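Each chain is listed here by its residues.
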Amino acid sequence: MVAQIIRTTIIPFIFGVSILVIPAKSAAENKQTFSVITTTSTPGTTTTTLSPAARKELERKQYIEAYISKGLTDPIMQCIRAHESSGNYQIRGDGHLVGGSYGAWQFRPATWDMTVVEGVTVVHGAGYARPDLLGKREAADPATQDFMALTLRDWPGTGGYGHWTTYWRYCK
């Protein structure tokens, strides 16, 4: 799972130990760091040890996947996405608005920027914030768009489903 998401380098199997080096960016420092997974094999047993950074990154990704998976079973969210974009994650809408709306959930620029940092921090904690996506709705993959939409829905005191006009028209 981690290897699919982050480019990896495998150091060859030597003396029964192989090491997987995973480049990762520290959100706070925006610097390249490395997480290490060590696998030790003996006949009949394999032991894998994750570095604390690798373990934290894996737990973060698993949390996001579970949150998205559970959230997208919500029939109201399914209705909203269907009416906003027919599930098209690259669609542009509201051309008459400055900046327009974008993606499956038709985020407007200001709403997107507030959600990727402040909303995510309030709902999930600072470790999940994505300041790298400020002003970059188009750079977000479908899973990230879904995560941000569900975060916006769950952000206390901000309106829940009411952020989307299609909720009031078709999904209520």
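Definitions and cut-offs
- Residues numbered from 1 in each chain as written.
- Predicted model: local features only at pLDDT ≥ 70, side-chain atom pairs only at ≥ 80, totals over all residues.
- Heavy atoms only, no water.
- 1 Å grid on protein atoms, 1.4 Å probe; cavity = no way out; pocket = protein on both sides within 12 Å on 5 of 7 lines; lining within 4 Å.
- Points joined across faces, edges and corners; volume = space filled by probe spheres on them.
- Nonpolar A, V, L, I, M, F, W, Y, C, P; charged D, E, K, R; others polar.
- Helix = DSSP H or I, 4+ residues; strand = E, 2+ residues; numbered from the N terminus.
- Buried < 20%, exposed > 50% of the residue type's maximum accessible area, 1.4 Å probe, protein only.
- Salt bridge = Lys/Arg side-chain N within 4 Å of Asp/Glu carboxyl O.
- Contact = heavy atoms within 4.5 Å.

**Q** Describe the layout of surface pockets, and please don't skip the residues or the numbers.
**A** Put simply, the second largest pocket is a space of about 280 Å³. What lines the second largest pocket is a set of 12 residues, and nearest its centre among them are Gln106, Arg108, His163, Trp164 and Thr165. Class assignment for the residues of the lining of the second largest pocket results in 4 nonpolar, 5 polar and 3 charged.

**Q** Outline unusual backbone geometry, supporting the account with residue identities and numerical values.
**A** Across residues other than glycine, the phi torsion is negative in most instances, and most of the peptide bonds are trans. A positive phi angle is found at Ser86, which is not glycine, with a value near 55 degrees. Along the chain, the position of Ser86 falls in the loop between helix H3 (75–85) and strand S5 (92–93). Positive phi, normally seen in glycine, also occurs at Gln106, with a value near 50 degrees. Assignment of secondary structure puts Gln106 in the loop between strand S6 (101–102) and helix H4 (109–124). Exposure remark for Gln106: the relative accessible area of 12% places this residue in the buried category.

**Q** Give me the lowdown on the pattern of salt bridges, citing residues and values where you can.
**A** On inspection of all chains with the given rule, the structure shows 8 salt bridges. With a closest N to O distance of 3.2 Å, Glu138 and Arg92 form a salt bridge. Here the residue Glu138 occupies a position in the loop between H4 and helix H5 (142–154), and Arg92 occupies one in strand S5, the gap between them amounting to 46 residues. Arg92 gets classed as exposed once you look at its relative accessible area, which sits at 55%. Put simply, Arg153 and Asp154 hold a salt bridge, and the shortest N to O gap is 2.7 Å. In this structure Arg153 comes out as buried when scored by relative accessible area, which is 16%. Linked by salt bridges that have partners in common, Glu57, Arg60 and Lys61 make up one network.

**Q** Which residues make up the environment of Ala139, and what values do they have?
**A** Structurally, Ala139 can be placed in the loop between H4 and H5. Here the alpha-carbon distance between Ala139 and Gln90, two residues 49 residues apart in the chain, equals 9.8 Å.

**Q** Go over H3 with me, naming the residues and quoting the values.
**A** All buried positions along H3 are accounted for by Met77, Cys79, Ile80, Arg81, Glu84 and Ser85. Next to the buried residues of H3 lie helix H2 (52–71), H5 and helix H6 (165–171). Residue Ser86 follows H3 closely and has a positive phi angle near 55 degrees.

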